[in-house]
Amino acid sequence: MNSNSTLTYPRMYTRFVASQGVEIAVPEQPIPIQHYLRQPQRLVNALADPSRVELLTEECFRLKMRPLSFMNLSIQPTVDMRVWADSDGTVHLESVACEIRGVEYINQRFRLNLAGQLSPVLLYGVTHLKGQANLEVNVELPPPFSFMPRPLLEATGNGLLKSVLLTVKQRLMHQLLSDYRRWVQAQATRPTAPPATLPINSPTI
């Protein structure tokens, strides 16, 4: 046996996936919710704790996720997301970058893709918000995880991603309508510009 040989460990790229749907009935307000949905920052703050969100551009946000515990491994992804709205109020969200800070091995072998949308839909005279989010992670796991049965790893990882999306869903359902109501009330109390008047010496038409 060559004494200079080095041990090599099997590499295991594993894919974890989860999806989550949401439907929210929207109480009627003086201003339709489509106007509210065209403001990406308010929506992002409804999705996540504002203290974890950094504004990068008008449509791009950096989200520092809560630490995720995968078996004995703890990671904390930082995700850059683009959020924009169509003219009908449909909101789109997609991840554009991701970083795992503090764990360089995982950071170099970690890919996260998040995509979702939320649309206002009229059902029997009541506006509903209907949406879907899809989360996918591809990661090369180091030993000892690479020696574990793949079905066990995938079931654990899929369950973790599902819990992440469920937490986001619960926050969205609680925060979005409350913030929408506050926004409508704020619009109602904003001062309006006084009507324009003609100068005294102006000729009338």
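Residues numbered from 1 in each chain as written. Predicted model: local features only at pLDDT ≥ 70, side-chain atom pairs only at ≥ 80, totals over all residues. Heavy atoms only, no water.

A. Examining the packing of aromatic side chains more closely. Per the counting criterion, the structure on display carries two aromatic pairs. Measuring from ring centre to ring centre gives 5.9 Å for Tyr36 and Trp183, while their planes differ by 65 degrees; the resulting arrangement is edge-to-face. Placement of Tyr36 in helix H1 (residues 33-37) and of Trp183 in helix H4 (residues 150-189) is noted, with a sequence separation of 147 residues between them. Judged by its relative accessible area of 0%, Tyr36 is buried. Ring-pair connections join several aromatic residues into one group, and the members of that group are Tyr36, Tyr180 and Trp183. Positioned above the aromatic ring of Trp84 is the side chain of Arg82, whose terminal nitrogen or guanidinium carbon lies 3.9 Å from the ring centre. (Phe/Tyr/Trp six-rings, centres within 6.5 Å; stacked < 30°, edge-to-face > 60°. Helix = DSSP H or I, 4+ residues; strand = E, 2+ residues; numbered from the N terminus. Buried < 20%, exposed > 50% of the residue type's maximum accessible area, 1.4 Å probe, protein only. Lys NZ or Arg CZ within 6 Å of the ring centre and 35° of its normal.)

B. Structural view of the layout of surface pockets. If you add up the space inside the largest pocket, you get close to 790 Å³. Around the largest pocket sit 36 residues that line it, and Leu47, Val164, Leu165, Val168 and Lys169 are the ones nearest its centre. Listing elements by their share of the lining of the largest pocket, those giving two or more residues are strand S1 (12-25), helix H2 (40-47), strand S3 (60-64), strand S6 (77-85), strand S7 (91-100), strand S8 (110-123), strand S9 (126-141) and H4. Among the elements that make up the lining of the largest pocket, the one with the highest residue count is H4 (nine residues). Here the residues of the lining of the largest pocket are counted per class, giving 23 nonpolar, seven polar and six charged. Approximately 160 Å³ is the volume attributed to the second largest pocket. (1 Å grid on protein atoms, 1.4 Å probe; cavity = no way out; pocket = protein on both sides within 12 Å on 5 of 7 lines; lining within 4 Å. Points joined across faces, edges and corners; volume = space filled by probe spheres on them. Nonpolar A, V, L, I, M, F, W, Y, C, P; charged D, E, K, R; others polar.)

Interpretation in functional terms is not warranted from these geometric data alone.
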